[in-house]
Each structure stands twice: as structure tokens, then as C-alpha cells.
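# Observations on chain architecture
Below are the chains, spelled out letter by letter.
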Amino acid sequence: PSDPSASQSQSAGQNAGQTSNTAVAEPVIAAEGAALLNASTGKLLFSKNGDTKFYPASITKLMTALLVLENCQLGDTVTFSRTATENLESGAVSLKLTEGDKLTVEQCLYGLLLKSANDVANGLAEKVSGSVSGFAGLMNQKAAALGCTGTHFVNPNGLNDSNHYTTPYDMALIARAAFQNDTLRKIDTTLSY
């Protein structure tokens with residue numbers, strides 16, 4: 001014979017947030033790779049090809065924005081060089097900046113994160129490190145400091161390069177660090193600028 005009060009107690013405990021033994025189905029992810037972290041603890045919750053190297057494309061700009069915010073003031077001026085504005089793939093997204101144009105770091109970050117402007121990424125890299133290659137070195141140092149082991153950056157914008165790659169897990173580590181920055185979150189969640 002079962003005890004009805006024990007059954008009610010168990011049911012009430014489950015409703016109060018205690019863990020039940022019900023299995024949760026693994027999500028169906030269309031992407032080739034994915035990683036989901038608990039943003040508070042950094043614990044890996046789900047992974048699909050999480051350690052496989054992929055080209056990160058424009059999500060590279062999260063690392064760029066994070067490093068810019070760590071190394072510049074929002075009111076600093078970025079003066080665009082010919083190299084920053086002209087060394088882009090055909091059809092690459094840009095703000096159509098030309099040599100000598102000036103924007104604040106804050107304006108640049110809006111162009112970087114909302115428009116995904118590659119000329120802005122180059123200009124910001126030059127502002128921080130003097131060159132795109134110098135900034136890529138800084139990106140790789142930061143990635144290593146965040147615990148990334150399958151990442152190598154060669155540019156601040158994510159334009160195609162066989163030596164520019166990351167893994168879903170590493171990108172989750174980078175995104176976690178980026179979204180801990182209040183200014184980055186504010187800019188990245190702005191709907192228009």
C-alpha cells in the first residue's frame with residue numbers, strides 16, 4: 001500500500017523547483033556547430049561539434065568590440081587610413097569611409113556592431129594597435145586568456161582567410177566575456193542609430 005501524503009509531498013516538491021527524473025530531449029540545431037554556456041558560471045550546457053574549427057565571419061566583431069572597449073574611451077577619435085578603408089573584399093559591408101574621415105570610438109562601435117562595417121573594424125584595429133596585424137595579435141592573446149584553444153584571428157572583421165578560425169565553444173567564451181561589458185550590450189541591443 002502506498003502513502004498518499006508521500007505522493008502529494010513528492011509532487012509538491014517537484015512543483016517547487018526540485019529536479020525530476022524526466023529526460024529533456026536534446027535540441028535540434030540546424031547549424032553545423034553550436035555551443036551553449038551558462039552565462040553566469042561558464043558551464044557548458046550543450047555542444048554540437050563544439051571543438052570543430054569554423055570560419056567565424058562577422059561574429060569576429062564581438063572580439064574586436066571587446067578589445068576596443070578595453071583599450072579606448074568612447075570619445076576618442078578614430079582617423080581612417082587609406083589601408084583601413086581600401087583593404088576590403090569586393091562587396092564587403094562598409095560605411096564607405098575614405099582616408100582622413102574621423103569618427104568617435106562610440107560612433108565606430110555602432111557602425112561595427114549594427115552595420116557590421118568592415119572598414120570600421122580596420123580603423124578601430126589601427127586605433128588600438130597601429131595595424132590590423134598588430135590588433136590580430138592582441139585578439140589572439142585575449143582569446144588565449146579567455147581559455148580559447150581552437151581560435152586564431154588574422155583580422156578584426158572576419159573577412160575570409162584560411163588562418164582565421166574559431167570553434168563554437170571558443171566563440172561562446174568570447175561572447176560570454178563580450179556581453180559582460182555593459183557598453184557593448186547597450187550598443188549591440190540598440191535597434192537603430
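For the structure itself, look to the data block above.
Figured I'd write up the structure that's included with this text. (Residues numbered from 1 in each chain as written. Predicted model: local features only at pLDDT ≥ 70, side-chain atom pairs only at ≥ 80, totals over all residues. Heavy atoms only, no water.)

With that settled, the discussion passes to the side chain of His164. On the secondary structure map, His164 appears in the loop between helix H6 (132-145) and helix H7 (168-178). A distance of 2.9 Å separates polar atoms of two side chains, one belonging to His164 and the other to Thr60. With near-sequence residues (within four places) excluded, His164 lies in contact with Phe54, Tyr55, Pro56, Thr60, His152, Phe153, Val154, Asn155 and Gly158. (Helix = DSSP H or I, 4+ residues; strand = E, 2+ residues; numbered from the N terminus. Polar contact = N/O pair within 3.5 Å; in protein donor to acceptor, adjacent residues only side chain to side chain. Contact = heavy atoms within 4.5 Å.)

Let us now look at unusual backbone geometry. Positive phi values are uncommon outside glycine, yet Asn49 reaches one of about 55°. The topology assignment puts Asn49 in the loop between strand E2 (44-48) and helix H2 (60-71). Judged by relative accessible area, Asn49 falls into the partly exposed class, the value being 42%. A positive phi is found at Ala57, a non-glycine position, where the angle reads about 50°. (Buried < 20%, exposed > 50% of the residue type's maximum accessible area, 1.4 Å probe, protein only.)

Below, the discussion takes up H2. Over its 12 residues, H2 runs 17 Å from end to end, which matches the ideal 16 Å to within 8%, given 1.5 Å per residue. For H2, the full list of buried residues reads Thr60, Lys61, Leu62, Met63, Thr64, Ala65, Leu66, Leu67, Val68 and Leu69. Close packing links the buried residues of H2 with helix H4 (105-115), helix H5 (118-129), H6, H7 and helix H8 (182-188). (Expected span 1.5 Å × (residues − 1).)

A full pass over the atoms with the stated rule returns three salt bridges. Lys142 is the salt-bridge partner of Glu70, the closest N and O atoms lying 2.9 Å from each other. Here Glu70, found in helix H2, pairs with Lys142, found in helix H6; they are 72 residues apart in sequence, far enough to count as distant. (Salt bridge = Lys/Arg side-chain N within 4 Å of Asp/Glu carboxyl O.)

Turning next to the packing of H2 against H7. When two helices pack together, their arrangement is given by the angle between the helix axes and the distance between those axes. Interhelical geometry of H2 versus H7 gives an angle of 40° and a closest axis separation of 9 Å. In terms of crossing hand, the pair formed by H2 and H7 is left-handed. Taking contact as the criterion, the partners of Leu62, Met63 and Leu66 in H2 are, on H7, Met171, Ile174, Ala175, Ala177 and Ala178. Of the residues contributing to the contact of H2 with H7, the split by class is eight nonpolar, no polar and no charged. (Axes fitted to C-alpha atoms, helices over the stretch in contact; angles between N-to-C directions. Left-handed = near helix turned anticlockwise from the far one by under 90°. Nonpolar A, V, L, I, M, F, W, Y, C, P; charged D, E, K, R; others polar.)

Moving on, we get to the pairing of strand E1 (residues 34-37). Pairing of E1 with E2 involves four bridges; the strand directions are antiparallel. The residue bridging Leu36 from the neighbouring strand is Phe46, located in E2. The hairpin formed by E1 and E2 contains six residues between the paired strands, and Gly42 there has a positive phi angle of roughly 85°. (Pairing = 2+ DSSP bridges.)

Considering the arrangement of structural elements, one finds Ile29 in the loop between helix H1 (4-15) and E1. Relative accessible area serves as the criterion here: at 27%, Ile29 is assigned to the partly exposed category. Residues Ile29 and Ser47 lie 18 residues apart in sequence; the distance between their C-alpha atoms is 9.8 Å. Once residues lying within four places of it in the same chain are set aside, the contact partners of Ile29 are Ala34, Phe46 and Lys48.

Time to look at the packing of H2 against H5. Across the interface, H2 lies against H5 with an axial gap of 10 Å and an inter-helix angle of 35°. Seen along the crossing, H2 lies across H5 with a hand that is left-handed. Across the interface between the two elements, Lys61, Val68 and Asn71 of H2 pack against Asn118, Ala121, Leu124 and Val128 of H5.

Without other data, these values stay purely geometric and don't point to any function.
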